[in-house]
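Here's the letter readout for the chains.
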Amino acid sequence: MRRLISYMFTSLDGFIADRDGGLDWVPIDDELMRFANTYFATAGGIVFGRKVHEGFVSYWDELDAANPSVTELEAEFAQIFGNMERIVASNTLRDAPEGTIVIADDLPAAIGDLKDRPGGDLLLICGPDLRSTLAGHGLIDRYRSLVAPVALGEGVPLFSPLREPARLRLLDSSTFEGGVVMLDHTPA
């Protein structure tokens, strides 16, 4: 059985994007890119919300590895991402790239079915509404939060309001040289 692992950068004060939806504050360096390449290469696929999917796919699928400003690590990530299973939870997405699974109905059952399939873990990269919905149904097996050493003051929260608290237990933590701390939690 595959696990569903929430994987997100967050600011110290719990925001996944600034108030304008920007991510310029995320401190991606070579160490974090190497980690992402290793981590994503072992995953079976990515579950997205529509908005995050659109930005993520357009950036990484259109990355020009021949461009001198693109690093070898970025080109490697784009190649890894290009070979991953992609799942999008959306009621409004009409034009998904070929090979993308779109879930429009009965999200909990569909995610449960995907988790029951053989293969590597599924990474959840999404906005607060989808994360809260899946957490509320007990479908998220791990929460890996990469906490950046920045406070934004306001922005897009990691979670939308939850019906009840999601009680978690810390499994591990690790620190990157640039100051990012990864917290690895599981439901308690």
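Here, the structure is the one placed above.
Residues numbered from 1 in each chain as written. Predicted model: local features only at pLDDT ≥ 70, side-chain atom pairs only at ≥ 80, totals over all residues. Heavy atoms only, no water.

### Some words on helix α1 (residues 30–41)
Consideration 1: With 12 residues, α1 should reach 16 Å at 1.5 Å per residue; the first-to-last C-alpha distance of 16 Å fits that figure.
Consideration 2: Among all positions in α1, only Leu32, Met33, Ala36, Asn37, Tyr39 and Phe40 are buried.
Consideration 3: Buried residues in α1 make contact with β1 (4–10), β3 (45–49), α2 (50–61), α3 (72–82), β6 (122–125) and β7 (142–147).
Consideration 4: Its side-chain oxygen at 3.2 Å from the backbone nitrogen of Glu31, Asp29 defines the N-terminal cap of α1. (Helix = DSSP H or I, 4+ residues; strand = E, 2+ residues; numbered from the N terminus. Expected span 1.5 Å × (residues − 1). Buried < 20%, exposed > 50% of the residue type's maximum accessible area, 1.4 Å probe, protein only. Contact = heavy atoms within 4.5 Å. Polar contact = N/O pair within 3.5 Å; in protein donor to acceptor, adjacent residues only side chain to side chain.)

### Description of the pattern of salt bridges
Consideration 1: Evaluated as defined, the whole model comprises 9 salt bridges.
Consideration 2: Close ionic contact of Arg3 with Asp121 constitutes a salt bridge, the shortest N to O distance being 2.5 Å. Of this pair, Arg3 sits in the segment before β1 while Asp121 sits in the loop between α4 (107–116) and β6; the two residues are 118 residues apart in sequence, bridging distant segments of the chain.
Consideration 3: Residue Lys115 is joined to Asp141 by a salt bridge in which the shortest nitrogen-to-oxygen separation is 2.8 Å. Of this pair, Lys115 sits in helix α4 while Asp141 sits in the loop between α5 (128–136) and β7, placing them 26 residues apart in sequence.
Consideration 4: The class of Lys115 is buried, set by a relative accessible area of 4%.
Consideration 5: The network of salt bridges with common partners includes Arg2, Glu85 and Arg117. (Salt bridge = Lys/Arg side-chain N within 4 Å of Asp/Glu carboxyl O.)

### Section: the side chain of Ser160
Consideration 1: Relative to the helices and strands, Ser160 resides in the loop between β8 (156–157) and β9 (168–175).
Consideration 2: Owing to a relative accessible area of 14%, Ser160 belongs among the buried residues under this scheme.
Consideration 3: Separated by 2.2 Å, the side chains of Ser160 and Asp129 make a polar contact.
Consideration 4: Look past the residues within four positions of Ser160 in its chain and what remains in contact with it is Pro128, Asp129 and Ser132.

### Points about α4
Consideration 1: Of the positions making up α4, those classed as buried are Leu107, Ala110, Ile111, Gly112, Leu114 and Lys115.
Consideration 2: The secondary structure elements touched by the buried residues of α4 are β1, β3, β4 (85–89), β5 (100–103), β6 and α5.

### Quick notes on the packing of α2 against α3
Consideration 1: Running from amino to carboxyl end, α2 crosses α3 at an angle of 120 degrees, the nearest separation of the two axes being 9 Å. Taken together, the axes of α2 and α3 lie oblique to each other. Both α2 and α3 take part in a crossing whose hand is left-handed. Along the contact surface, α2 presents Phe56, Val57, Tyr59, Trp60 and Asp61, while α3 presents Glu74, Phe77, Ala78 and Phe81.
Consideration 2: In the contact of α2 with α3, the residues fall into 7 nonpolar, no polar and 2 charged. (Axes fitted to C-alpha atoms, helices over the stretch in contact; angles between N-to-C directions. Parallel < 35°, antiparallel > 145°, perpendicular 65-115°, else oblique. Left-handed = near helix turned anticlockwise from the far one by under 90°. Nonpolar A, V, L, I, M, F, W, Y, C, P; charged D, E, K, R; others polar.)

### Structural notes on the sheet that holds β3
Consideration 1: Read across the sheet, 8 strands follow the order β5-β4-β3-β6-β1-β7-β10-β9 without closing on themselves; strand pairing throughout is mixed. Only two strands of the sheet have a single neighbouring strand rather than two, namely β5 and β9. On average, each strand axis in the sheet is tilted by 20 degrees relative to the strand beside it, whichever way the strands run.
Consideration 2: Across 3 bridges, β1 lies against β6 in parallel orientation. Bridged to Ser6 within β6 is Leu124.
Consideration 3: Sheet contacts for α1: β1, β3, β6, β7 and β10 (181–187); angle to β1, the most-contacted strand, approximately 165 degrees. (Pairing = 2+ DSSP bridges.)

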